[in-house]
Amino acid sequence: MRNLSLLYSIDGDEESHDRVRGKGNFRRSVRALGALFERRRSLGLPLPMTVMSFVVCEWTSGKVETAYAVARELGVFGLNYTMRYFLPQQAGLDYERELQDHFGLRSSGAWRGWVAPAHERHDYTEAAAAMERVLRRRRFRLAPPYVFALPRGLRGRRLLQYFDDYYEVFGNESCFMPFYWARVHANGDMIFCPGHPDVIVGNVFRDGFMESFNSEPAVALRRHVLNNRFPICNRCCGLYITYAGRSNERRARKKLGLDGRVKAWRP
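On a predicted model such as this, the values are computed, not experimentally measured, just so you know.

Undergrad: So what exactly am I meant to see when it comes to the layout of surface pockets here?
TA: It is a probe the size of a water molecule, rolled over the atoms, that shows where empty space is left. Here the largest pocket is characterised by a volume of approximately 450 Å³. As for the largest pocket, its lining consists of 20 residues, of which S53, V55, N80, T82 and Y85 are closest to the centre. Of all the elements in the fold, those that place two or more residues in the lining of the largest pocket are helix 1 (14-21), strand 2 (49-56), strand 3 (78-83) and strand 4 (146-150). Among the residues forming the lining of the largest pocket, the class breakdown is ten nonpolar, five polar and five charged. Around the second largest pocket, the lining residues are S174, C175, F176, F179, V225, L226, E249, A252, R253, L256 and L258. The element contributing the most residues to the lining of the second largest pocket is helix 12 (residues 246-255), with three residues. Split by residue class, the lining of the second largest pocket holds eight nonpolar, one polar and two charged.

Undergrad: Even after reading the chapter, I still don't get the packing of helix 3 (residues 64-74) against helix 6 (residues 125-138), so can you show me in this structure?
TA: Relative placement of two packed helices is described by the angle separating their axes and the distance separating the axes. The geometry of helix 3 relative to helix 6 is characterised by a closest axis approach of 8 Å and an angle of 40° between their N-to-C directions. Viewed along their axes, helix 3 and helix 6 adopt a mutual orientation that is oblique. The residues of helix 6 that touch helix 3, namely those facing V64, E65 and Y68, are A127, A130, M131, R133, V134, R137 and R138.

Undergrad: What am I meant to see in empty space enclosed by the protein here?
TA: Under the criterion given, the structure shown has one cavity of 30 Å³ or more. One number sums up the size of the largest cavity: a volume of about 330 Å³. Along the wall of the largest cavity there are 26 residues; nearest its centre are C175, P178, C193, F230 and C233. Mapped by element, the contributors of at least two residues to the lining of the largest cavity are helix 4 (89-103), helix 10 (216-227), strand 8 (228-229) and helix 11 (237-240). At three residues, helix 11 tops the list of elements feeding residues into the lining of the largest cavity. Taken together, the residues that form the lining of the largest cavity break down as 19 nonpolar, five polar and two charged.

Undergrad: Sorry if this is basic, but what is going on with the side chain of H119 here?
TA: Tracing the backbone through its elements, the reader meets H119 in helix 5 (residues 117-121). What makes H119 buried here is its relative accessible area of 4%.

Conventions and cut-offs
- Residues numbered from 1 in each chain as written.
- Predicted model: local features only at pLDDT ≥ 70, side-chain atom pairs only at ≥ 80, totals over all residues.
- Heavy atoms only, no water.
- 1 Å grid on protein atoms, 1.4 Å probe; cavity = no way out; pocket = protein on both sides within 12 Å on 5 of 7 lines; lining within 4 Å.
- Points joined across faces, edges and corners; volume = space filled by probe spheres on them.
- Helix = DSSP H or I, 4+ residues; strand = E, 2+ residues; numbered from the N terminus.
- Nonpolar A, V, L, I, M, F, W, Y, C, P; charged D, E, K, R; others polar.
- Axes fitted to C-alpha atoms, helices over the stretch in contact; angles between N-to-C directions.
- Parallel < 35°, antiparallel > 145°, perpendicular 65-115°, else oblique.
- Contact = heavy atoms within 4.5 Å.
- Buried < 20%, exposed > 50% of the residue type's maximum accessible area, 1.4 Å probe, protein only.

Here is the structure:
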């Protein structure tokens, strides 16, 4: 493949990466990336556009600036800082009730993997300050690694607010993933949310792709999320990776006569 892009997870330096992924995995990952680069050079192929992904969480919050140095040493194109996704347990319990009341479904319990007591006890003050320093100094540097952050547009106190205030979504009011995106599992089941795979809208082997995408359960889910945000959605990637389409969504909501804000859960 001549044109290749690669999203490569490195959790800071060797100490923090191995604490998350197991002893020896940092060096193994670095060697693998180096071997890939060398192989591409030997074949006369361009290097892959490699973006190093670093999650700011309780295990890595002291390595925010170190991650930039590692990315530069690895020779990657970009460094993507992603803020940890999480939810409080009460949000998950309320989601289970909403799922039962509106769709007659029982939750798979996948949301429990997003609950982290260690995260809730962690102080992100220094991590937020470090993120501000990195974004201020490196974001517009005219040489790689280029710095990105998700959610976009968070600066200053809003970086800390992301971790401290679960109910603030920074203008990302609704999820429109079910309107344009689908995930198909190996068994053919179609879902719209990989993080919370509870609403199965069809099976492509049994029903066909478009029939699944436009099934009654799919339409019911879309109608619900037009006006409601599930309790589990405030820190879900689907709410934030669609940032670039927000202006189109706002125009569509206005054209349809829908409120700009949706009903959002609070305990």
